[in-house]
Structures are given as structure tokens and as C-alpha cells.
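Listed below, chain by chain, are the residues.
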Amino acid sequence: MRLEGKRALVTGSSQGIGAEIAKLFAKEGATVVVNHRSGKTHHETVVRAIKKAGGKALAVHADVSDPSSVTAMFAEIKDKVGGLDILVNTAGLADRSLWNLSIEKTSLDMWKRVFAVDAFGTFLCTQGAVKLMKWGSSIVNVASIPALVGDKEGLVYASAKGAVISMTRMLSKMLAPKTRVNCMAFGSIATTWVDWLGKDQAEAYRSAIPLGRFGKPAEAASLALFLASEESSFITGQVIVLDGGEAPR
Ligand SMILES: NC(=O)c1ccc[n+]([C@@H]2O[C@H](COP(=O)([O-])OP(=O)(O)OC[C@H]3O[C@@H](n4cnc5c(N)ncnc54)[C@H](OP(=O)(O)O)[C@@H]3O)[C@@H](O)[C@H]2O)c1
């Protein structure tokens, strides 16, 4: 198993890509902390599935955009798990209200709302995690291809992911050689995000992908596993694109 004996926190793992990462890491031998925010029961389903498959997991509540909530989460992790070897910063905010907007209709409040989760949340969780991490640890961040190549939609969202990419590059140098820091930049992955796009817009996105389909959360999880594991032991500060060939090179 590729993560035997490792302890991993996956933020935003109550559903979507994060849930798939949590399940794969547990299958590969890690003890996984499933972070959830909304209080809905999805996280229980994820933890139950991991345990049923013979894996180790516990759910820890925290809103990654709230400093006191993040502090409480890491205190609980220290108490119950002892330390951390892997952090995946999956928690992100993207909803319909942030799409199809001109710059005139884009408000400062939107910037604060999205940056609070994607950028500040990534910072706060990284800050908490490094205190619990030892030599050989790995941090995997999550961004999106418009942050690299631009798009007509999602200005605020892509800008927050741009901050995550800059953080990845900075922290890979600041935390070396103890901790590697890399980032996954996804194209369109089939989660709730595709559901709320609507049929026509989803089809427009799909038809722009050379491989002719949306990515699967399991494919995103495979990349996270590679970056979290020893298989990527000489890779740090990189942004790896997983997009079916969509972004112009
Ligand atoms: N799907 C795509 O095509 C795509 C493309 C590029 C990048 N991404 C990125 O990949 C990541 C996962 O996306 P997804 O499509 O799997 O999203 P999703 O299905 O909407 O899941 C988002 C997850 O983030 C959690 N979350 C949101 N705000 C949070 C907060 N303040 N604190 C803690 N957790 C929070 C949610 O928890 P609750 O359910 O408890 O609220 C949920 O588990 C995000 O960072 C997203 O931006 C996705």
C-alpha cells in the first residue's frame, strides 16, 4: 500500500473530489481525517464507506475560512491522530452565482466570500498542518485551469485559485526540504459543479475537451495520491494539469 502508516487531512472531503481522495488514501493505508463544513450527513457516508472497506477514518468539522474553527480542527487532529503526514486542500467554493457575470456585476463581497475559502482556507490549513508535520510530509493544493490560461467565466473563482498556485510555489521553497508542496489544476470534473452548470453550458464545456468527456473524481484522486506519496518524492512546487487536454499549451 502506498500510504501505509501515513496520516492525512483532506479538507472538503464530505463530497465530490475530496470524498474520492479520502476513500483512495484510506484504501492505500492512510488514516484519513474527513473534514466537513455544512453539517449535512455526507461526511458520515464517506467515513462509513472507508471503515466498511477496512480503512481508518474520522470526521472532523471545520469551516476552513474561519480561523478559530481551523484552530479547533487541528487541536482535535493532534489529540486524536497525533500528527499529520499529508494535507490536501480540497475545500473550495464555486456556485452558480459566481458564473455568467460581467465585471460590472461582480461585487467585492464575492471576492471576499470565495477568497475566504479557497485562498485564506488553504493558508490557514497549511499553517495548522505544518506544526503537526515531520520530515517527508506532503501538501497537495487544488486549483483550476482558468487560473493558468484564463476564461470568460468565473473571474473571482479563478483569481482565488491563482492565489493558491502562487502559495504553492512560495511554500514549496519556504517549507523545503521538510515538506513538498504541489498543486493540481483541474479542468471540468463531474461533480455537483457540472450539475449546476445547466445542460447547454455543460455541453459547451464538454465539447471543448479533446478527450470528449468530463474527468472523473477518481481520476483526480489518483493524481492526489501520486503527489501525496513517495512516488513523487523529487517533485515540489509544481502545478499538474488534469483536464483531458482542454487548456491551451
Ligand atoms: N469539479 C470541477 O470541475 C473542479 C474544477 C476545478 C477545480 N475544482 C476544485 O476542486 C475542489 C473540489 O471540487 P468539487 O467539484 O468536488 O466540489 P463540491 O462537490 O462542491 O465539494 C466541495 C467540498 O468543499 C467543502 N467546503 C466548501 N466550503 C468549505 C469550507 N468553508 N470549509 C470546509 N469545507 C468546505 C464542501 O463541504 P460541505 O459539503 O460540508 O459544504 C464539499 O465537501 C474545489 O476546490 C474546486 O474548486 C473542481
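These figures come from a predicted structure and were not determined experimentally.

Peer 1: Quick one: what's the story with the overall build of the protein chain, residue by residue and with numbers?
Peer 2: Scanning the protein chain from N- to C-terminus turns up 9 helices and 7 strands. A globule of 249 residues ought to have a C-alpha radius of gyration of about 18 Å, and the protein chain, at 17 Å, matches this closely. Structurally, the protein chain occupies a C-alpha span of about 45 × 40 × 35 Å along its principal axes. Per-residue burial over the protein chain gives 52% buried out of 249 residues. Across the protein chain, contacts joining residues at least 24 apart in sequence account for 75% of those joining residues at least 6 apart. On the protein chain, roughly 11900 Å² of surface is accessible, and the fraction owed to carbon and sulfur atoms is 57%.

Peer 1: Quick one: what's the story with the site of the ligand, residue by residue and with numbers?
Peer 2: Of all residues adjacent to the ligand, which total 28 residues, the nearest are Arg37, Ser38, Thr90, Ile189 and Thr191. Taking isoleucine 17, its main chain carries an N or O atom lying 2.8 Å from an oxygen atom of the ligand. Here an oxygen atom of the ligand and a side-chain polar atom of lysine 161 are 2.9 Å apart. The fraction of the free accessible surface of the ligand (890 Å²) that becomes covered by protein chains is 93%. Looking at the shell around the ligand, the elements with two or more residues in it are α1 (16-27), β5 (133-144), α6 (155-174) and α7 (192-197). Counting residues per element, the shell around the ligand draws most heavily on β5, at 3 residues.

Peer 1: Tell me about unusual backbone geometry, and please be specific about residues and values.
Peer 2: Put simply, alanine 176 and proline 177 share a cis peptide bond, and its omega is 0°. Along the chain, proline 177 falls in the loop between α6 and β6 (179-186). The backbone of asparagine 100 shows a phi angle near 55°, a positive value even though the residue is not glycine. Residue position: asparagine 100 is located in the loop between β4 (84-89) and α4 (108-130).

Peer 1: Explain the packing of aromatic side chains to me, and be specific about the residues and the numbers.
Peer 2: Per the counting criterion, the structure on display carries 7 aromatic pairs. Ring centres of tryptophan 99 and tryptophan 193 lie 6.1 Å apart, and the angle between their planes is 75°; this geometry places the pair in the edge-to-face category. With a gap of 94 residues between them, tryptophan 99 in the loop between β4 and α4 and tryptophan 193 in helix α7 connect regions that are remote in the sequence. One exposure class covers both tryptophan 99 and tryptophan 193, and it is buried. With a centroid separation of 6.2 Å and an interplanar angle of 75°, the aromatic rings of tryptophan 193 and tryptophan 196 are classed as edge-to-face. Of this pair, tryptophan 193 and tryptophan 196 both sit in helix α7, separated by 3 residues, roughly a single helical turn.

Peer 1: Kindly report on the packing of α1 against helix α2 (residues 42-52), identifying the contributing residues and their values.
Peer 2: Running from N to C, α1 and α2 cross one another at 20°; their axes reach a closest spacing of 10 Å. Taken together, the axes of α1 and α2 are roughly parallel relative to one another. Both α1 and α2 take part in a crossing whose hand is right-handed. For the pair α1 and α2, the contacting residues are Ala19, Ala22, Lys23 and Ala26 in the first and Val46, Ala49 and Ile50 in the second. Each residue belonging to the contact of α1 with α2 can be placed in one class, and the counts come to 6 nonpolar, no polar and 1 charged.

The rules behind the values
- Residues numbered from 1 in each chain as written.
- Predicted model: local features only at pLDDT ≥ 70, side-chain atom pairs only at ≥ 80, totals over all residues.
- Heavy atoms only, no water.
- Helix = DSSP H or I, 4+ residues; strand = E, 2+ residues; numbered from the N terminus.
- Rg over C-alpha atoms; globule rule 2.2 N^0.38 Å.
- Buried < 20%, exposed > 50% of the residue type's maximum accessible area, 1.4 Å probe, protein only.
- Contact = heavy atoms within 4.5 Å.
- Areas by Shrake-Rupley, 256 points an atom, 1.4 Å probe, with all protein chains shown as cover.
- Near = heavy atom within 4 Å.
- Polar contact = N/O pair within 3.5 Å; in protein donor to acceptor, adjacent residues only side chain to side chain.
- Phe/Tyr/Trp six-rings, centres within 6.5 Å; stacked < 30°, edge-to-face > 60°.
- Axes fitted to C-alpha atoms, helices over the stretch in contact; angles between N-to-C directions.
- Parallel < 35°, antiparallel > 145°, perpendicular 65-115°, else oblique.
- Left-handed = near helix turned anticlockwise from the far one by under 90°.
- Nonpolar A, V, L, I, M, F, W, Y, C, P; charged D, E, K, R; others polar.

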